[in-house]
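# Examination of the molecular architecture
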Amino acid sequence: MKQVVGLIVVAFSLALLAAPAFASSGSHGDEHGAPKDKAGASSEFILHHVADDTEFEFELPFVHLPPIHLAELFGKEPGQGLYLERVPGACSAPVDASQQAFESLFRFVNGCWDLRPTKAVLSMWIAMGLLALVLFLGRGRDQNGVPKGLFANVVESLVLFVRDEIAVANIGKDEGPRYTPYLVTVFFFVASMNYLGLIPGFYTATSALGVTIALSVATFVMTQLAGIRSAGVVGFFAHLFGDVPVWMKPLMFVVEFLGLFTKPFALLVRLFANMLAGHMVLFFILSLIFVVHLGASVVSVPLATGLYLLELFVAILQAYIFTLLTALFIGQGVALGHHHHGDDHAH
Amino acid sequence: MNSLVLASSFTDVKPGLIIWTWITFIVVLFILRRVAWGPLLKSVEDREKNIVNAIESAKRERAEAEKLLAEQKTAVAQARQEAAEQVRKTQADLEKFREELMAKARKEADDLKAEARRTIDEERVRAVADVRAEAVKLSLQVAEKLLSERLDDAKHQQLASQFVTDLAKRPSA
């Protein structure tokens, strides 16, 4: 009975969230002055919601908080504040169509260093603030060091889960504890951003490609450092050639070298795609109410509620997977030093 | 703004975002490692160590208790055995004492018996001698009367004694 009531509450709050949010998307269309069809307006709203930007709008029902104009705070025009322009005109120069998908990257390479914090960065900071709050609330311990209270117990059980089931299980009993603080940080970092995104009105920082790239690069660096630490520089590079006949070694090098990058690449795409897709599908289902008919809410609200609950699970699952794979890669790096060219290379 | 342009806006990799993520992540990593994970993991490790120690000491104490119990059991068994031994020994002593007493008593009784017998013998000998003397006297008187003759006392007495001694030597006397 309690669960049913909970589901209804979640459903209604989602419906309430969706209504003004989509209503505000209509005003977006007005701003541009052109009348838009409902489907176009909805998709524009959704894409606007899931895309990173320098505007932060709290898309909340009833509460109308003023949007945060990050561009105005950190530099509106190229050359102002953190909107650095190393090469004059690099930020305003037109980009050709082939570069459009990775516009910021090409502009950065050409000398336009846009370092202004965006919606994703702001969400990340809010998530870190909430994480700090949770950790602060979970600081209670009795004189035996046993956690006291809900937060303390949840935090400790998660930390111990990461230590025992992720770090020690994949890296080993000797080296596992060394990497535990890093892995615990990754886990809580990702999980808190994922969960913040599930609070209506906030943005999921992990659905921005830049965030997952940064985390993957951190994992990549950590993995290589673990390998070099364990096997030494010579042993680390010797490993890249594998345990094969001499004539195959160049081929092996290419395979192993690519393998170094494909692993974190899969990691970054998995987290990014999961978080982005979940939110988009949720919005698309709710947008049926506005695009097709109000009666679609009979189907789309329960469906979106179910999806939301799934997302609650996916949020921690993706944090777990990211941390687990990071630990696995570090464990492989650590294993380099323990059995040179053994037959149980885990790839 | 068409949808395609918007769609490209979330595949767009922002170097600024990457840099901010690194900065945030590193700051969070160092702060949390120092403020949160370090104390938490240390507390957990201490607790685990305490538990391991408690189990170890409990095991040790148990072993010790078992050892003590075994020792106690041995001691009790030994004490019981000793007590039994003591009882047996006491009984043996008693028995011996009793036997000694009995022997002594018997000996005393025998002694007394022997003494009595000797006294009786002596008395008997004396009585016999008395009787003999009386008899001699009587027979003398009888003979005196019969013969109405006064005989030399000493000669006849000797004669009579001779007679009585001879009488005594005969087995029927």
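Position numbers for residues start from 1 in each chain and track the written sequence from start to end. Numbering of ligands from 1 and lettering of chains from A proceed in the order in which they are written. Residue-level local features of this predicted model are given only where pLDDT is at least 70; pairs of side-chain atoms are given and counted only at 80 or more, and the full residue set underlies all totals for whole chains, interfaces and linings.

The next thing to look at is the packing of helix 5 (residues 119-137) of chain A against helix 2 (residues 15-147) of chain B. Each pair of packed helices can be described by the angle between their axes along with the distance between the axes. The axes used here are C-alpha line fits, helices contributing only the stretch in contact, and every angle between their N-to-C directions lies in the interval 0 to 180 degrees. We count a stretch as a helix when DSSP gives it H or I for four or more residues in a row; a strand needs E for two or more, and each element gets its number in order from the N terminus. Where helix 5 of chain A meets helix 2 of chain B, the closest approach of the two axes is 10 Å, and the angle between their N-to-C directions is 10°. On the basis of the axis angle, helix 5 of chain A is roughly parallel to helix 2 of chain B. Residues Ala 120, Val 121, Met 124, Trp 125, Met 128 and Leu 135 of chain A of helix 5 of chain A touch helix 2 of chain B, and the partners they reach there are Leu 17, Trp 20, Thr 21, Thr 24, Val 28 and Ala 36 of chain B. In this count, Pro and Cys sit with the nonpolar residues alongside Ala, Val, Leu, Ile, Met, Phe, Trp and Tyr, while Asp, Glu, Lys and Arg are called charged and the others, Gly among them, polar. Looking at the contact of helix 5 of chain A with helix 2 of chain B residue by residue, the classes come out as 10 nonpolar, 2 polar and no charged. Orientation categories follow fixed angle ranges, with anything under 35 degrees roughly parallel, anything over 145 roughly antiparallel, 65 to 115 roughly perpendicular, and all other angles oblique. We call two residues in contact whenever the C-beta atoms placed from their backbones are within 7 Å.

Let us look at the domain arrangement of chain A. Often, the extent of an interface is quoted as the loss of accessible area on bringing the components together. Per the domain assignment, the segments of chain A are domain 1 (78-115) and domain 2 (120-336). Throughout the structure description, domain borders are defined by an automatic or database domain assignment. On a C-alpha basis, the centroid separation for the pair domain 1 of chain A and domain 2 of chain A is 30 Å.

With respect to the secondary-structure elements, Gln 224 of chain A resides in helix 8 (residues 209-239). For the pair formed by Gln 224 of chain A and Leu 260 of chain A, sequence separation is 36 residues and the distance between their alpha carbons is 8.6 Å.

Turning our eyes to something else, we now look at the interface of chain B and chain A. Across the boundary between the two partners, chain B contributes 32 residues, which contact 46 residues of chain A. Contributing elements (two or more residues each) for the side of chain B that touches chain A: helix 1 (3-11) and helix 2 of chain B. Looking at the side of chain B that touches chain A residue by residue, the classes come out as 19 nonpolar, 8 polar and 5 charged.

What follows covers the environment of Gly 278 of chain A. Residue and element names in this part refer to chain A. When you line up the elements, Gly 278 lands in helix 9 (residues 249-291). Between the alpha carbons of Gly 278 and Pro 245 there is a distance of 47 Å; along the sequence they are 33 residues apart. Excluding residues within four positions of it along the chain, Gly 278 makes contact with Glu 311 and Val 314.

Over its 22 residues, helix 6 (residues 150-171) of chain A extends 30 Å from the first C-alpha to the last, a length consistent with the 32 Å expected when each residue adds 1.5 Å. For a residue, the bend is simply the angle between two axes, fitted respectively to the seven-residue segment ending there and the seven-residue segment starting there. Taken as a whole, helix 6 of chain A carries its principal kink of about 25° at Arg 163 of chain A. Turning to helix 6 of chain A, its buried residues number three or more, namely Val 155, Val 159, Val 162, Arg 163, Ile 166, Ala 167, Asn 170 and Ile 171 of chain A. Among the structural elements, helix 5, helix 7 (176-198) and helix 10 (297-336) of chain A together with helix 2 of chain B are those in contact with the buried residues of helix 6 of chain A. Following helix 6 of chain A by one or two positions, Gly 172 of chain A has its phi on the positive side, about 110°. By definition here, a helix of n residues has an expected span of 1.5 Å times n minus one. Neighbour density around each residue's C-beta defines its exposure: 20 or more other C-beta atoms within 10 Å make it buried, 12 or fewer make it exposed, and counts between make it partly exposed, where C-beta atoms are placed from the backbone.

In this section: the nonpolar core. One nonpolar core equals one set of buried Ala, Val, Leu, Ile, Met, Phe, Trp, Tyr and Cys residues connected by C-beta atoms within 7 Å. Ranked by size, the top nonpolar core spans 77 residues in total, and within it Leu 183, Phe 187 and Val 190 of chain A carry the most contacts. Listed by contribution, the elements that provide at least two residues to this core are helix 2 (38-50), helix 5, helix 6, helix 7, helix 8, helix 9 and helix 10 of chain A together with helix 2 of chain B. Sequence-distant contacts of Phe 187 of chain A, that is, excluding residues within four places in its chain, are made with Val 162, Ala 319 and Thr 323 of chain A.

As a further point, take the packing of helix 8 of chain A against helix 2 of chain B. At a minimum axis separation of 8 Å, helix 8 of chain A and helix 2 of chain B run at an interaxial angle of 55°. Between helix 8 of chain A and helix 2 of chain B, the interaxial angle falls into the category oblique. Viewed along their axes, helix 8 of chain A and helix 2 of chain B form a crossing whose handedness is right-handed. Residue-level contacts link Gly 210, Val 211, Ile 213, Ala 214, Leu 215 and Ala 218 of chain A of helix 8 of chain A to Leu 17, Ile 18, Thr 21, Trp 22 and Phe 25 of chain B of helix 2 of chain B. For the contact of helix 8 of chain A with helix 2 of chain B, a count of residues per class yields 9 nonpolar, 2 polar and no charged. Crossing handedness is read from the near helix: turned anticlockwise from the far helix by less than a right angle, it gives a left-handed crossing, and turned clockwise, a right-handed one.

Moving on: helix 3 (residues 153-169) of chain B. In this model, helix 3 of chain B (17 residues) spans 24 Å end to end at C-alpha, consistent with the 24 Å of a helix rising 1.5 Å per residue. With 0 of its 17 residues buried, helix 3 of chain B lies for the most part at the surface.

What follows is about the confidence of the model for chain B. The predicted coordinates should not be examined in detail at positions where pLDDT is low. All names here are of chain B. The predicted model of chain B has a mean per-residue pLDDT of 85, with 89% of residues at 70 or higher. Note: pLDDT gives the predictor's confidence per residue, expressed from 0 to 100. Looking at the elements of chain B, mean pLDDT is at its lowest for helix 1, recorded as 62, and at its highest for helix 2, recorded as 90. Reported for the predicted complex are a pTM of 0.72 and an ipTM of 0.82.

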